[in-house]
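The residues making up each chain are set out below.
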Amino acid sequence: MAQIELKNISKQYDTSVKVIENLDLQVINGEFLVLVGPSGCGKSTMLRLIAGLETATEGDIYIGDKLVNAIPPKDRDISMVFQNYALYPHMTVYDNMAFGLKLRKFKKSEIQQRVEDAAEILEITSLLKRKPKQLSGGQRQRVALGRAIVRKPAVFLFDEPLSNLDAKLRVQMRAEIKKLHKRLKTTMVYVTHDQIEAMTMGDRIAVMNDGVIHQLGTPLRLYNEPADRFVAGFIGSPAMNFISMKIKAGALIADNGSFNIPIPQKHAASLKPYINKNITVGIRPEDIAITPKVDDAPMIELRVNIFEPMGNETLLYLSSGDTTFTCRSTEFRPESFVSETIKLYPDMTKIRYFDPDTGKAIKVS
């Protein structure tokens with residue numbers, strides 16, 4: 001096992017394209033860290049920098065206590081699992097898993113033992129004599145994992161390894177990789193653009209955009225205490241609703257022209273600097289109820305545009321003027337819905353506020 005530390009890392013391909021800028025990150029020894037963000041945010045580039053497949057323009061990379069900037073990938077004590085499996089089609093599963101060990105001149109008996117142990121962990125012992133074309137997508141991914149495991153590296157790197165699998169298999173493989181981490185207790189860095197993967201797999205998550213880490217923390221910390229509007233909108237499915245509103249004095253009301261919401265008294269002191277100014281109000285779809293949870297709950301009336309029955313819940317897509325909303329409800333019954341409008345009650349204890357200029361979260365007591 002080994003910790004990873006990136007110090008003041010920048011990656012620039014030419015004078016106009018800076019993919020990563022002045023990035024600092026420490027991956028704790030033995031943790032499962034997920035890098036998540038939209039396509040092009042720099043997460044895969046950062047993984048390739050750790051692996052040595054790319055060279056940093058500036059900054060230092062440490063694996064364990066060793067500076068690895070000038071060390072080639074094969075000597076960094078890492079194993080990488082790719083999106084496209086990268087298996088040799090003419091080799092059996094056994095030979096694919098053993099290939100790296102053979103190159104490193106391991107004894108035949110040790111190679112056999114390591115391959116058999118990895119195959120047992122991944123439950124692919126019966127597949128060792130097959131070739132990749134005879135395997136399903138999930139089986140191929142297990143072989144790719146097995147090839148990484150036999151190396152017994154200090155660090156595992158995963159570059160969107162599940163994106164080629166169907167939805168059901170992705171759920172299964174998420175659990176398998178988490179079980180693998182629990183069993184091996186090895187440092188793992190996992191790249192994905194799927195925030196559900198990030199939330200369900202990571203000990204900690206680094207949310208990236210435009211080559212910058214916006215927030216680093218546990219899944220629940222990011223969900224409950226997003227540092228800015230980008231994190232709040234990226235973590236959570238469906239995404240958080242954002243409403244541009246103006247804070248009015250007196251009873252302290254947030255007004256967007258179509259409706260208004262009374263601000264809880266306990267938030268008043270924190271929002272005083274924004275009185276008579278615009279502010280972005282955020283509320284998650286699951287924090288909007290059809291039945292009021294408390295007396296005197298604030299109510300907003302919205303037009304239902306479409307709804308999607310999901311079985312145990314329904315997704316409602318609504319609007320009021322130019323403002324659009326998503327509501328995730330277990331109370332809504334499509335079979336009894338007759339009106340075009342509906343009354344909704346946002347949970348004001350879950351509401352979030354963001355500075356409209358900086359996007360930063362406004363902390364309220």
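What you see is a predicted model, and the numbers here were worked out from it, not measured in a lab.

**A short note on the pattern of salt bridges**
Following the criterion strictly, the structure yields 14 salt bridges and no others. D95 is the partner of K102 in a salt bridge, and the nearest nitrogen-oxygen pair spans 3.3 Å. In this structure, R328 engages E313 in a salt bridge whose closest nitrogen and oxygen atoms are separated by 3.0 Å. A residue pair is termed long-range when its members are at least 10 positions apart, and R328 in strand β18 (residues 323-329) and E313 in the loop between β16 (300-309) and β17 (314-320) qualify at 15 residues. E313 gets classed as buried once you look at its relative accessible area, which sits at 17%. Residues joined in a network through salt bridges with shared partners are K11, R48 and E54.

**Digging into the sheet that holds strand β20 (residues 352-354)**
The antiparallel open sheet is built from five strands, whose spatial order is β13-β12-β11-β14-β20. Pairing within the sheet leaves two strands with one partner each, and these edge strands are β13 (260-262) and β20. Along the sheet, successive strands turn relative to each other by an average axial angle of 40°, direction set aside. Bridging between strand β11 (residues 241-248) and strand β14 (residues 278-283) involves six bridges; their strand directions are antiparallel. Each residue of the ladder has a partner; that of F242, found in β14, is G282.

**Overview of the nonpolar core**
Formed by 43 residues in total, the largest nonpolar core has its most connected members in M97, L145, F158, I177 and Y190. M97 has contacts with V115, A118, A119, I124, L128, V143, G146, R147 and V150, leaving out every residue within four places of it along the chain.

**Focus: unusual backbone geometry**
Of note, the amide linkage connecting S237 to P238 takes the cis form, showing an omega dihedral of -5°. Looking at the secondary structure, you find P238 in the loop between α8 (229-234) and β11. Phi is positive for N8, which is not a glycine, with a value near 50°. Along the chain, the position of N8 falls in strand β1 (residues 4-14). On the accessibility criterion, N8 (38% relative accessible area) is partly exposed. The residue K105 is not glycine, and still its phi comes out positive at about 65°. Positionally, K105 belongs in the loop between α2 (93-103) and α3 (108-122). Residue K105 is classed as exposed on the basis of its relative accessible area of 73%.

**Considering the sheet that holds strand β19 (residues 341-346)**
If you trace the five strands from one edge of the open sheet to the other, you get β15-β19-β16-β17-β18, paired in antiparallel fashion. Every interior strand has two partners, whereas the edge strands, β15 (288-289) and β18, have only one. By the bridge criterion, seven bridges tie β17 to β18 in an arrangement that is antiparallel. The residue bridging T314 from the neighbouring strand is S329, located in β18.

**Thoughts on the side chain of H267**
Counting through the fold element by element, H267 comes out in the loop between β13 and α9 (268-271). Those residues in contact with H267, other than ones at most four positions away along the chain, are M348, I351, Y353, V364 and S365.

**A short note on helix α5 (residues 167-184)**
Look at α5: 26 Å from first C-alpha to last across 18 residues, which is about the 26 Å you get at 1.5 Å a residue. Along α5, the residues that are buried comprise L169, M173, R174, E176, I177, L180 and H181. On its buried face, α5 is in contact with β3 (32-36), α3, α4 (137-149), β7 (155-159), β8 (187-192) and α6 (195-201). Where α5 begins, one side-chain oxygen reaches toward the backbone nitrogen of K168, 3.2 Å away; that side chain belongs to D166. Backbone geometry just after α5 places K185 at a positive phi near 55°.

**Thoughts on the packing of aromatic side chains**
This structure, assessed with the given rule, holds eight aromatic pairs. The ring of F32 is capped by K178, whose NZ or CZ atom sits 5.2 Å from the centre of that ring. Against the face of Y223 rests R284, its NZ or CZ located 4.2 Å from the ring centre.

**Brief notes about empty space enclosed by the protein**
This model, assessed by the stated rule, comprises one cavity of 30 Å³ or more. Along its surface, the largest cavity is lined by I243, I261, I283, I288, I300, F325, P346 and I351.

**Structural notes on the pairing of β14**
Taking burial as the measure, the six residues of β14 include five buried ones, the bulk of the element. Across three bridges, the pairing between β14 and β20 is antiparallel. Among the inter-strand pairings, T280 is bridged to a residue of β20, identified as F354.

**A short note on the environment of R352**
Mapped onto the secondary structure, R352 falls in strand β20. Here R352 falls in the partly exposed class, since its relative accessible area comes to 24%. R352 has contacts with N224, P226, M240, T280, V281 and G282, leaving out every residue within four places of it along the chain. A polar contact of 2.8 Å, which involves the side chain of R352, links it to the backbone oxygen of N224.

Procedures and definitions
Residues numbered from 1 in each chain as written. Predicted model: local features only at pLDDT ≥ 70, side-chain atom pairs only at ≥ 80, totals over all residues. Heavy atoms only, no water. Salt bridge = Lys/Arg side-chain N within 4 Å of Asp/Glu carboxyl O. Helix = DSSP H or I, 4+ residues; strand = E, 2+ residues; numbered from the N terminus. Buried < 20%, exposed > 50% of the residue type's maximum accessible area, 1.4 Å probe, protein only. Pairing = 2+ DSSP bridges. Axes fitted to C-alpha atoms, helices over the stretch in contact; angles between N-to-C directions. Core = buried A, V, L, I, M, F, W, Y, C linked by side-chain atoms within 4.5 Å. Contact = heavy atoms within 4.5 Å. Expected span 1.5 Å × (residues − 1). Polar contact = N/O pair within 3.5 Å; in protein donor to acceptor, adjacent residues only side chain to side chain. Phe/Tyr/Trp six-rings, centres within 6.5 Å; stacked < 30°, edge-to-face > 60°. Lys NZ or Arg CZ within 6 Å of the ring centre and 35° of its normal. 1 Å grid on protein atoms, 1.4 Å probe; cavity = no way out; pocket = protein on both sides within 12 Å on 5 of 7 lines; lining within 4 Å. Points joined across faces, edges and corners; volume = space filled by probe spheres on them.

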